[in-house]
Amino acid sequence: MAMEKRGASPPPPPPPAGPQRGPVLHIVVVGFHHKKGCQVEFSYPPLMPGEGHDSHSLPEEWKYLPFLALPDGAHNYQEDTVFFHLPPRCGDRTTVYGVSCYRQIEAKALKVRQADITRETVQKSVCVLSQLPLYGLLQAKLQLITHAYFEEKDFSQISILKELYEHMNSSLGGTLLEGSQVCLGLSPRDLVLHFRHKVLILFKLILLEKKVLFYISPVSRLVGALMTVLSLFPGMIEHGLTDCSQYRPRKSISEDTGLQEITPRLDDYVSVSAAAISNSNLEMGKEGRKMAGDHSLEGQKANVPFSQSQKTCNGAQASSGTVQHLKVPFRTSPESSESDWETLDPSILEESNLKEGERENKASEQAENLPKKCFCSESLPITVQPQANTGHMVLVPGLISGLEEDQYGMPLAIFTKGYLCLPYMALQQHHLLSDVTVRGFVAGATNILFRQQKHLSDAIVEIEDAHVQIHDPELRKILNPTTADLRFADYLVKHVTENRDDVFLDGTGWEGGDEWIRAQFTAYLHALLAAVLQPDNEKTLSDFGTAFVAAWKNTHNYRVWNSNKHPALAEVNSSHPFQGQYSVSDVKLRLSHSVQNSERGKKIGNVMVSTSRNVVQTGKAVGQSVGGAFTSAKSAMSSWFSTFTQSTQNLGD
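Each chain has its residues counted from 1, running along the sequence as written. Since the coordinates come from a predicted model, pLDDT governs what is reported: local features require at least 70, and pairs of side-chain atoms require 80 or more to be given and counted, while whole-chain, interface and lining totals use all residues. Water and hydrogen atoms play no part in the side-chain values, which are based on all heavy atoms of the structure.

**Student:** I keep staring at a nonpolar patch on the surface and nothing clicks. Help me out?
**Tutor:** A cluster of nonpolar side chains, Leu-427, Ile-448 and Leu-449, forms an exposed patch at the surface whose accessible area comes to about 220 Å². With respect to the element layout, Ile-448 can be found in helix α14 (residues 448–452). Accessibility expressed as a relative area gives 35% for Ile-448, which makes it partly exposed. Residues forming no salt bridge and having over 30% relative accessible area are the ones grouped into patches, like charges within 9 Å of each other and nonpolar side chains (Val, Leu, Ile, Met, Phe, Trp, Tyr) within 5 Å. In short, Shrake-Rupley with a 1.4 Å probe defines the accessible areas, and a residue's cover is counted only from the protein chains shown. Salt bridges are counted wherever a side-chain nitrogen of Lys or Arg sits within 4 Å of a carboxyl oxygen of Asp or Glu. Only DSSP runs of H or I reaching four residues or more are called helices, and only runs of E reaching two or more are called strands; each is numbered from the N terminus. Only protein chains enter the accessibility calculation, which uses a 1.4 Å probe; a residue is then buried when its area is under 20% of its type maximum, exposed when over 50%, and partly exposed in between.

**Student:** Whenever I open this one, the packing of helix α5 (residues 188–195) against helix α16 (residues 483–498) confuses me. Can you help?
**Tutor:** When two helices pack together, their arrangement is given by the angle between their axes and by how far apart the axes lie. Axis lines are fitted to C-alpha atoms, over the contacting stretch for helices. Their N-to-C directions set the angle, which ranges from 0 to 180 degrees. The interhelical angle for the contact between α5 and α16, taken along N-to-C directions, is 110°, at an axis separation of 9 Å. Judged by the angle between their axes, α5 and α16 are roughly perpendicular. Between α5 and α16, the residues in contact are Arg-189, Val-192 and Leu-193 and Leu-492, Val-493, Val-496 and Thr-497, respectively. Any residue outside Ala, Val, Leu, Ile, Met, Phe, Trp, Tyr, Cys, Pro, Asp, Glu, Lys and Arg is labelled polar, Gly included; the first ten of those are nonpolar and the last four are charged. Looking at the contact of α5 with α16 residue by residue, the classes come out as 5 nonpolar, 1 polar and 1 charged. Oblique is the label for every angle not falling under 35 degrees (roughly parallel), over 145 degrees (roughly antiparallel), or within 65 to 115 degrees (roughly perpendicular). Throughout, a residue-residue contact means that at least one pair of heavy atoms, one from each residue, lies within 4.5 Å.

**Student:** Explanation requested: helix α6 (residues 198–207) in the structure shown.
**Tutor:** For an α-helix, 3.6 residues make a turn, and residues three or four places apart therefore share a direction. Judged by how many residues are buried, α6 sits mostly within the fold: 10 of 10 residues are covered. Considered for burial, the residues of α6 that qualify are Lys-198, Val-199, Leu-200, Ile-201, Leu-202, Phe-203, Lys-204, Leu-205, Ile-206 and Leu-207. Two residues or fewer past α6, Glu-209 is found with a positive phi of approximately 60°.

**Student:** Would you explain the side chain of His-495 in this entry?
**Tutor:** Note that His-495 resides in helix α16. Whenever a nitrogen or oxygen atom comes within 3.5 Å of another N or O atom, the pair is scored as a polar contact, on the condition that within protein one atom can donate a hydrogen and the other can accept it, and that pairs from neighbouring residues in sequence are kept only if both atoms are in side chains. A polar contact is formed between the side chain of His-495 and the side chain of Glu-511, at a distance of 2.7 Å. Beyond its immediate sequence surroundings of up to four residues, His-495 is in contact with Glu-511, Gly-512 and Trp-516.

**Student:** What is the right way to read the nonpolar core from this model?
**Tutor:** Side chains that are nonpolar tend, in soluble globular proteins, to be buried together. Counting residues in each nonpolar core, the largest one holds 142 residues, and the members touching the most others are Leu-65, Leu-207, Leu-241 and Phe-415. If one sorts the elements of this core by residue count, helix α17 (residues 514–532) sits on top with 10 residues. Apart from residues no more than four positions distant in its own chain, Phe-415 is found in contact with Ile-206, Leu-230, Met-236, Gly-240, Leu-241, Asp-243, Cys-244, Leu-420, Cys-421 and Val-442. We call a set of buried residues a nonpolar core when its members are Ala, Val, Leu, Ile, Met, Phe, Trp, Tyr or Cys and they connect through side-chain atoms within 4.5 Å of each other.

**Student:** Any chance you could explain the pattern of salt bridges here in plain terms?
**Tutor:** Working definition: two side chains of opposite charge can pair if their charged atoms are close together. One pass over the structure, following the stated rule, counts 12 salt bridges. Residue Glu-41 is joined to Lys-124 by a salt bridge in which the shortest nitrogen-to-oxygen separation is 2.4 Å. Note that Glu-41 is positioned in strand β2 (residues 37–44) and Lys-124 in strand β5 (residues 121–130), a separation of 83 residues in sequence. Arg-221 serves as the salt-bridge partner of Glu-464, at 3.0 Å between the closest nitrogen and oxygen. Of this pair, Glu-464 sits in the loop between β12 (459–462) and β13 (467–470) while Arg-221 sits in helix α7 (residues 219–230), and the two are 243 residues apart along the sequence.

**Student:** Please clarify how the sheet that holds strand β11 (residues 440–445) should be interpreted in this entry.
**Tutor:** To summarise the sheet geometry, strands pair through backbone hydrogen bonds and adopt either a parallel or an antiparallel arrangement. In this description, strands pair whenever DSSP reports at least two bridges between them. If you trace the 5 strands from one edge of the open sheet to the other, you get β10-β11-β6-β12-β13, paired in mixed fashion. Two strands bound the open sheet, and with one partner strand each, they are β10 (419–422) and β13. Pairs of neighbouring strands in the sheet enclose a mean axial angle of 15°, with direction left out of account. Pairing analysis gives 4 bridges linking strand β6 (residues 212–215) to β11, with the strands arranged parallel. Residue pairing across strands places Phe-214 opposite Gly-444, the latter belonging to β11. Along the sheet, α6 contacts β6, β10, β11, β12 and β13; its crossing angle with β13, the most-contacted strand, is approximately 40°.

**Student:** Please clarify how the packing of aromatic side chains should be interpreted in this entry.
**Tutor:** Each pair of aromatic rings is reported with the distance of its centres and the angle of its planes. Side-chain rings of Phe, Tyr and Trp, where Trp is taken by its six-membered ring, are said to pair if the distance between their centres is within 6.5 Å; with planes under 30 degrees apart they count as stacked, over 60 as edge-to-face, and otherwise as tilted. All chains considered together, the criterion is met by 18 aromatic pairs. Relative to Trp-561, the ring of Tyr-558 has its centre 6.1 Å away and its plane inclined at 40°; by these criteria the two rings are tilted. Linking Tyr-558 with Trp-561, this pair stays in helix α20 (residues 556–562), spanning 3 residues, or about one helical turn. This pair shows no difference in class: Tyr-558 is buried, exactly as Trp-561 is. Taken together, the aromatic side chains of Phe-203, Phe-233, Phe-488, Tyr-491, Trp-516, Phe-521, Tyr-524, Phe-544 and Phe-578 make up a single cluster linked through ring pairs. For a ring to carry a charge above it, either NZ of a lysine or CZ of an arginine must fall within 6 Å of the ring centroid while also lying within 35 degrees of the normal to the ring plane. Geometry around Trp-62 places Arg-89 over its ring, the cationic atom sitting 5.1 Å from the centre. Taking the ring centre of Phe-548 as reference, the NZ or CZ of Lys-204 above it sits at 4.4 Å.

Fair warning: the whole summary comes from geometry, so function is off the table for now.
Written out as structure tokens, the structure reads:
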């Protein structure tokens, strides 16, 4: 007591009774009710402040959570795993990463059976909502707990779920993002074995920010393949998905009707780009909204445009006028799909010192003058200095992308500004595919309705058959691999297939292993980035595909990357890793690729297989016929010869 009177520091306050804030936000149990459908049955801490753990209430931003955690068609499988992304709640900035483990059990096996269980089986999912994208690690821990939770055969026993929450928050930390555990369970080796040369086409599709839909059942195979493709992009899983789920849930039919009534005329968006109008509308509001101050770190305020949903989550309510004035083409052509959306002017970085009122005037002037401006600005770009290789990745906050970037500018700002990453999409989210605020997506689906509506996507990846269906002929030409690209893909395939049965290379080895494949794609991307910086680089870029590079330069991620300087790329060889003179082996490689991937080639291949099968069968039949005839002729000749011999002997006698 005397020490307290002399001004000594008081003892620390006792810890609060509630759960501690950590990387794991909530543990949630979702069940299927025979009348109400999918619903939240338990959440710890409660999803809604002030409500109990057994409340069914959901935040508006997370209204699709039950349908994501308990996927469509789950009753066809005994167990399954789902990776999904949720938009940030109000006050938060980044994507919420969800991992769900689904199981079903026979109702008669339960020790305690609630009155509302009327079906023969009980279907539930236990899911983790996390601030860290540790998909595989969360899945491994969650599968064990889900199994134990079901083994209790009494779903009122929730203590194990609370213990899971405390354990995960005490054992998981941001340092795990810098280790190999971030890609646990994502195997590029298996991806290359399955898709072979097409892996590079998937890689380029996402670089071009196209609308890509992955399709297969069950969900575990779907999300595994999709996230493995993303893991080929350096830094993407670790730091590139923080802005990948900025969308507004559909509230009502009337709201959608209101959006559709404001149909823009063609001349409304011919003279002014949609990005300029979007910037103008997003910056103008009742209270002079802040734009991207919450995105930049360490107090840096870069006035960067971002999606409507993010602005709403930061506390500013969107007016209906703002939504109605967002004029963009409902379905852009392949040539204009990027350029209509993205026009990044580095001069926006200078606006951080403007007053709120001046920002509105600046936005109006920018909307009027933007078509007259060149993309490149006279202002000096931000320079990311190369760091010494001390064994640790040095990351700096990107003032434009809002992402943590390395010295090469990785990860690329692909999943930003309305380009979504949804590893699993519930049927209730179908409207996002045609939402005017969604610039593009990489999404996964198990419902056939998604696959049937081909006009809503640029490419459909059917994982079961390793088939990449690209609808637009022009896009197919752009993605047609060059000779150097085919050599690169063949190099990967050979290294993976040659060591396929090697016990040492089970995904943990180096050459031909998972990390080795990721390193090859990192080298490929670094070489592409270094090549575009070189003067008189037409010949070098032709190895990557002249049409592809031209299309890529129109994307948002390229413009963000190119707005900064990355001197570390000066040390990278600015040529394709597999450049070289054309040879006979390249002809064989090209022919093999054409046969495997073109429709005409597939038909020729099928005809050749069918023909060879028929030839073999015909040959056997002919052989049998010829053999039979020869045997008959031989026996007839023997019979005739013996008869002739006997006749000769009789004549002699």
